[in-house]
Amino acid sequence: MRMRKSSIVALSMATALTLTACSGNDNPETDASASGSGGGDTSATPGAPLTIAKPDGAIATESNNPWVGDSSGLKLGYINAILEPLAQVNTVDPTAEVIPWLADSIEWSADTTSVTVTAREGVMWSDGEPFSADDIAYTYQLFLDHPEIDTAALGLQSVTQDGNAVTLQFAEPMFVKQDKVLMKLIVPKHVYEGIEDPATDPFLEPVGTGPYTMTSFSTESVQLDARDDYWGGDLAVPTLYYVSYNDNTALTTALATGDADWAQAFIPNIQSAYLDKDEANQYWAAAGLATDIMYMNLTEKPFNDVAFRQAVNMVVDRAKHAEIAREGSVPELTSITGLPTPVGDSYIAPDYQGVNYEVDVEGARQVLEDAGYSWDGDTLMDPDGEAVTFTLSVPQGWNDYVTGISLVSDEVKELGVEATVDTPDADTWFNDSALGDFDAILHWTDGGLTPYDMYKSMLSQDWLVPIGEPANNNFGRFDNADVTQALNDYSTAQDDASRQAALATIEQIYVDEVPTIGVGTRPSLAEYNTRNYVGWPSEEDPYADPNPTMPGASLILTSLEPAN
């Protein structure tokens, strides 16, 4: 019998902490049609493969690096079926218990400045070597030795090992980062210790503890096959195909017909285009503390002027964005703090309770006039007498994002601004975003158990690097010591009152300085079908983030059961 997630919990003798706040170069015959029955055929196919899809175009280069954000393994998500975390932390239901995974037990100190984990016994790497605490200690030591791969900025101070137990000591409390600590993917020491630079190595022959191993890679798709020696038991799905379609339209068609089975994607007219096509087609938008935002290059005109940013913020129509760009599939972003509601209501400072975004063109023009701007006919001129223009960029094929920036482009015309829409390929866009080679981009924030991750990803100096050097977050290069200190205060606070005070400072700076412009809410979207497999996370059973590109994918894949 295959282990359900409840069975895995029962394996642990310790009480889980409850959170409060060999790859080849041959081309496989794995086109998207390999996955299923398609159309309205609702009969189950025993042992059918599962196709997991993205709308990012051709996979240019293979990289199975678990830390580099633009690696094919992370972008498509397949690395999460090969490598596994210490624990499964439910970010869509923060009150849920942590599920020990590669850790058999997890014990946090009272102030969350350290955690001791015990390695699960009986786990084997896919090359036949036994998994042990050595692998856990080695993985976290990598974050000390190579801080560039510590994309969550854990502030790890030391890693100590005592037999089967590993203790991680942090510089500050990890109250807001417990999920980031526990859901790091663990790599095999016996493989990685021979790698010179873990930040850049493509890990072309990935070895993992996870339920699947890679059997082929091509620019069109990646194939993973189930292990017959997986520590968690037998797997319902024998084969996974990770396919990257050219755009959202192609992906929508594949999902609607059953050629693709699982995706995290925006689907226009989701009811008629997807749900009505087959009663097996399912959709869940899991609420979370993350948003879609417009990053602006704060180092150059026109966005180095806070008055101009304030004015643009005043003409962006969030209701129109929710209705047109997102076609009613996600809630409107309303709070001027940028926090999604109602999930973020309890975190909004008293000064901003009930204070919502409103379109105010006349008010925006007055802000500009007061700051020394003028108009030459209908064209906005900056205080230096230059016409104000900028370019908005998102990848081609990201239909909702393309529509989103097109709406913003139209809205700033009310201010006399010419905003050009640019849609490069995804690889170019990711690269330019990291280097700061843009005027403005529509992007997204991190999410987590509290607003900390959302704000930190946008605002913290911890992510600040010069233009031209690759950034992991804070792509607009916001440089403010006060907000960084408030973020640190929030993360180290030992009581709710102190956290709320720090959060009030963060929100005030966000509202006043407009370092990014919140455009829409960003729930974790997922489409899947129950034609061949059931046991998916849902609103009725929110046991995991449904996004297939997240570390929780291993929990979902081991929870699926045949439909019949």
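Per chain, the residues get numbers from 1 upward, laid out in the order the sequence is written. For a predicted model such as this one, the threshold for reporting local features is a pLDDT of at least 70, and the threshold for listing and counting side-chain atom pairs is 80 or more; totals across whole chains, interfaces and linings nevertheless cover every residue. Processing note: side-chain calculations cover all non-hydrogen atoms of the structure and skip hydrogens and water entirely.

Trainee: How should I be thinking about the overall build of the protein in this particular structure?
Mentor: In terms of regular secondary structure, the protein is built from 17 helices and 24 strands. Restricting the calculation to C-alpha atoms gives the radius of gyration, and the globule rule supplies 2.2 Å times the number of residues raised to the power 0.38. Relative to the globule expectation of 24 Å for 564 residues, the C-alpha radius of gyration of the protein, 24 Å, shows essentially globular dimensions. In terms of its C-alpha atoms, the protein occupies a principal-axis envelope of roughly 70 × 55 × 45 Å. Relative accessible area decides the class of each residue, using a 1.4 Å probe on protein chains only: under 20% of the type maximum gives buried, over 50% gives exposed, and in between gives partly exposed. With 564 residues in all, the protein has 57% of them scored as buried. Helix numbers and strand numbers start at the N terminus; a helix is a DSSP run of H or I with at least 4 residues, a strand a run of E with at least 2.

Trainee: What's the story with the pairing of strand S22 (residues 524-529) in this structure? I'm lost.
Mentor: The side chains of a regular strand alternate between both faces of the sheet. The buried fraction of S22 is high, at 6 of 6 residues. Of the two faces of S22, both are covered, the one formed by Ser524, Ala526 and Tyr528 as well as the one formed by Leu525, Glu527 and Asn529. The pairing criterion for strands is at least two bridges between them, as found by DSSP. For strand S13 (residues 262-263) and S22, the ladder comprises 2 bridges, and the chain directions are antiparallel. Paired with tryptophan 262 across the strands is tyrosine 528, a residue of S22.

Trainee: I would appreciate a short explanation of the nonpolar core in the present structure.
Mentor: One recurring pattern in soluble globular proteins is that nonpolar side chains are buried together. Of all hydrophobic cores here, the largest spans 81 residues; its most connected members are Leu224, Leu240 and Tyr242. Apart from residues no more than four positions distant in its own chain, leucine 224 is found in contact with Tyr78, Ala81, Ile82, Tyr212, Thr213, Met214, Thr215, Pro238, Thr239, Leu240 and Tyr242. Nonpolar cores are built from buried Ala, Val, Leu, Ile, Met, Phe, Trp, Tyr and Cys residues. Side-chain atoms within 4.5 Å join them into one set. We call two residues contacting when some pair of their heavy atoms lies within 4.5 Å.

Trainee: Looking at this structure, I do not really get the sheet that holds strand S15 (residues 291-296). What am I missing?
Mentor: In space, the 5 strands of this open sheet follow the order S19-S18-S20-S15-S21, with mixed pairing throughout. Of all strands in the sheet, those with a lone pairing partner are strand S19 (418-422) and strand S21 (516-521), marking the two edges. In this sheet, neighbouring strand axes are inclined to one another by 30 degrees on average, regardless of whether the strands run parallel or antiparallel. The pairing of S15 with S21 spans 5 bridges and is antiparallel. What counts as an axis is a line fitted to C-alpha atoms, over the stretch in contact for a helix, and the angles between N-to-C directions run from 0 to 180 degrees.

Trainee: Is there a simple way to think about helix H7 (residues 248-257) in this case?
Mentor: The periodicity of an α-helix, 3.6 residues per turn, causes residues three or four places apart in sequence to face the same way. Among the residues making up H7, those that are buried are Asn248, Leu251, Thr252, Ala254, Leu255 and Ala256. Where H7 is buried, its residues contact strand S1 (50-54), S13, helix H8 (270-273), strand S14 (281-286), helix H12 (399-411) and S22. The N-cap residue of H7 is aspartate 247: its side-chain oxygen and the backbone nitrogen of threonine 249 are 3.2 Å apart. Glycine 258 occupies a position one or two residues after H7 and carries a positive phi of about 90 degrees. Two N or O atoms count as a polar contact when they lie within 3.5 Å, although within protein this holds only if one can serve as hydrogen donor and the other as acceptor, and sequence-adjacent residues are included solely when both atoms are side-chain atoms.

Trainee: Is there a simple way to think about the sheet that holds strand S5 (residues 103-108) in this case?
Mentor: Each strand in a sheet pairs with another by means of backbone hydrogen bonds, the pair being arranged parallel or else antiparallel. Strands sit in the order S5-S6-S8-S7 across an open sheet of 4 strands; the sheet is antiparallel. Because the sheet does not close on itself, it has two edges, and the strands there are S5 and strand S7 (156-162). Strand-to-strand twist of the sheet, defined as the mean angle between neighbouring strand axes without regard to direction, takes the value 15 degrees. In the packing of helix H4 (residues 133-145) onto the sheet, contacts are made with strand S6 (114-119), S7 and strand S8 (165-170), and the angle to S7 comes to roughly 165 degrees.

Trainee: Could you clarify how one ought to interpret the pairing of strand S20 (residues 440-444) in this entry?
Mentor: Here S20 lies mainly inside the structure; 4 of its 5 residues are buried. Pairing of S15 with S20, which is carried by 5 bridges, proceeds in the antiparallel orientation. Each bridged residue has a counterpart across the sheet, and for isoleucine 293 the counterpart in S20 is histidine 443. Where strand S18 (residues 389-393) lies against S20, 2 bridges are found, and the strand directions are parallel. Residue pairing for S20: serine 393 is matched across the bridge by isoleucine 441.

Trainee: Would you mind showing me how to read the side chain of threonine 549 here?
Mentor: Here threonine 549 is to be found in the loop between strand S23 (533-534) and helix H17 (553-557). When residues no more than four places from it in sequence are discounted, the contact partners of threonine 549 are Lys54, Leu74, Lys75, Leu76, Gly77 and Asn80.

Trainee: Whenever I open this one, the packing of aromatic side chains confuses me. Can you help?
Mentor: Two aromatic rings are characterised by how far apart their centres lie and by the angle between their planes. By convention, a stacked pair of Phe, Tyr or Trp rings (six-membered ring in the case of Trp) has centres within 6.5 Å and planes under 30 degrees apart, an edge-to-face pair has planes over 60 apart, and any other such pair is tilted. The tally for this structure, following the rule as stated, stands at 26 aromatic pairs. Both rings, one in tryptophan 108 and one in phenylalanine 170, keep their centres 6.4 Å apart while their planes meet at 25 degrees; by these two values the pair is stacked. In this pair, tryptophan 108 is assigned in strand S5 and phenylalanine 170 in strand S8, connecting sequence segments 62 residues apart. These aromatic residues form a ring-pair network of at least three members: Trp67, Tyr140, Phe143, Tyr192 and Phe203. A ring is scored as having a charge over it whenever the NZ atom of a lysine or the CZ atom of an arginine sits within 6 Å of its centre and within 35 degrees of its normal. Residue placement shows arginine 318 over the ring face of tyrosine 357; its charged tip is 3.6 Å from the ring centre. Sitting over the ring of tryptophan 375, arginine 365 keeps its end group 4.3 Å from the ring centre.

Trainee: Would you mind showing me how to read unusual backbone geometry here?
Mentor: A negative phi angle characterises most non-glycine residues, just as the trans form characterises most peptide bonds. Here the amide bond leading from lysine 301 into proline 302 is cis, since omega sits at 0 degrees, within 30 degrees of zero. For proline 302, the location among the structural elements is in the loop between S15 and helix H9 (306-315). The amide bond that connects threonine 341 to the next residue, proline 342, takes the cis arrangement and shows omega of 5 degrees. Looking at the secondary structure, you find proline 342 in the loop between helix H10 (318-325) and helix H11 (361-370). Located in the positive-phi region is valine 514, a residue other than glycine, with phi close to 45 degrees. One can find valine 514 in the loop between helix H16 (496-513) and S21.

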